[in-house]
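So you can see what is in the structure, the chains are spelled out below.
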Amino acid sequence: MSDQTIRASARSVEGKGASRRLRHAGKIPAIIYGGDAAPQPVVLDQEKIWVASQNEWFYSTILDLDVDGKVESVLLRDMQRHPFKQIIMHLDFMRVNQKEVLRTQVQLHFINEEISPAGKNADVIIMKELNHVDVSCLPKDLPENIEVDLSKLELGDTIHLSQIPLPEGVEIPSLALGEEYDTAVVVARKGRVEVEPEPEVEGDDAADVPASKVDSDEKDAE
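Residues numbered from 1 in each chain as written. Predicted model: local features only at pLDDT ≥ 70, side-chain atom pairs only at ≥ 80, totals over all residues. Heavy atoms only, no water.

Trainee: Any details on the pattern of salt bridges? Residues and values, ideally.
Mentor: Pairs may arise between side chains of opposite charge once their charged atoms sit close together. The tally for this structure, following the rule as stated, stands at 5 salt bridges. Residue Asp45 pairs with Lys27 through a salt bridge whose shortest N-O separation is 3.8 Å. Of the two residues, Asp45 is situated in strand E3 (residues 40-45) and Lys27 in strand E2 (residues 27-33); the sequence distance between them amounts to 18 residues. Taking the relative accessible area as the measure of exposure, Asp45 reaches 25% and is therefore partly exposed. (Salt bridge = Lys/Arg side-chain N within 4 Å of Asp/Glu carboxyl O. Helix = DSSP H or I, 4+ residues; strand = E, 2+ residues; numbered from the N terminus. Buried < 20%, exposed > 50% of the residue type's maximum accessible area, 1.4 Å probe, protein only.)

Printed below as a string of structure tokens:
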């Protein structure tokens, strides 16, 4: 669980116009939902949240959201960014019950690629098929990330979801649905082989041209 505290203030005015004014003032409109309480509109500081959003923990750990002195445990569920400006447009936070299992995405960290047999071979392409994975666990067991060790990866190897060691108390729900859901996470395959173009036919080599081609040319000349 993260020890990071995000500060916010309650807001009573909603709507596109109000949200636009907040953004112009350097604020971010947001909503807290879930649990037994009603959805609560809040506002956060744009600059501070932008800095926090550059860290992985902001997306995959339980956050302490301090709303005017009242602290709630929440998980970021959605972030809307401006299409080209460094501005966060809106945030959705979900309340977290520490006693209830939650399901969320966790980032995958690939380690030791450079020391693996595949990583040392310039002719091998290491393809990372997934960057994150859906997990279920109690909030206290939620990891900031899950490491995928590639130190023994060789040409032709494939690492599936079922082969990734998980922290205690963490499960991947999709694996319970059958082998077809045991998705490939990493694949090491041979790199593309460059094929040299065939040389053009010149000089005496023209005699190798099929007779049918020669006959066709003679008929065209007639």
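Trainee: Pulling in residues and values, what's your account of the pairing of E3?
Mentor: As paired strands, strand E1 (residues 5-10) and E3 are joined by 3 bridges and run antiparallel to one another. The residue of E3 that forms the bridge with Ser9 is Val43. As paired elements, E2 and E3 share 6 bridges and run antiparallel to each other. Each bridged residue has a counterpart across the sheet, and for Ile28 the counterpart in E3 is Leu44. Here E2 folds back onto E3 in antiparallel fashion, the turn holding 6 residues, of which Gly34 has a positive phi close to 100°. (Pairing = 2+ DSSP bridges.)

Trainee: Account for the packing of aromatic side chains, naming residues and giving values.
Mentor: This model, assessed by the stated rule, comprises 2 aromatic pairs. Between Trp57 and Phe58, the ring centres sit 6.1 Å apart and the planes meet at 80°, which makes this aromatic pair edge-to-face. No difference in accessibility class separates Trp57 from Phe58, as the two residues are buried. Given the relative accessible area of 0%, Phe58 is considered buried. Here the guanidinium or amino end of Lys128 rests over the ring plane of Phe110, the centre of that ring lying 5.6 Å away. (Phe/Tyr/Trp six-rings, centres within 6.5 Å; stacked < 30°, edge-to-face > 60°. Lys NZ or Arg CZ within 6 Å of the ring centre and 35° of its normal.)

Trainee: Could you give an account of unusual backbone geometry, with specific residues and numbers?
Mentor: For residues other than glycine, phi is negative in most cases, and the peptide bonds are mostly trans. Non-glycine residue Asp68 carries a positive phi angle of around 55°. Within the secondary structure layout, Asp68 lies in the loop between strand E4 (63-67) and strand E5 (70-81). The class of Asp68 is exposed, set by a relative accessible area of 56%. For Asn112, which is not glycine, the phi dihedral falls at a positive 65°. As for its placement among the helices and strands, Asn112 is situated in the loop between strand E7 (102-111) and helix H4 (117-120).

Trainee: Tell me about the sheet that holds E1, residues and numbers included.
Mentor: Taken together, 6 strands build a closed barrel; the order of strands is E1-E3-E2-E6-E5-E4 and the barrel is mixed. Strand-to-strand twist of the sheet, defined as the mean angle between neighbouring strand axes without regard to direction, takes the value 45°. Examined bridge by bridge, E1 and E4 share 4 bridges and lie parallel to one another. Bridge pairing in E4 links Arg7 to Asp66. Helix H1 (residues 16-24) rests against E2, E3 and strand E6 (88-95) of the sheet, and its axis sits at about 125° to E2. (Axes fitted to C-alpha atoms, helices over the stretch in contact; angles between N-to-C directions. Contact = heavy atoms within 4.5 Å.)

That is the geometry; function is a separate question.
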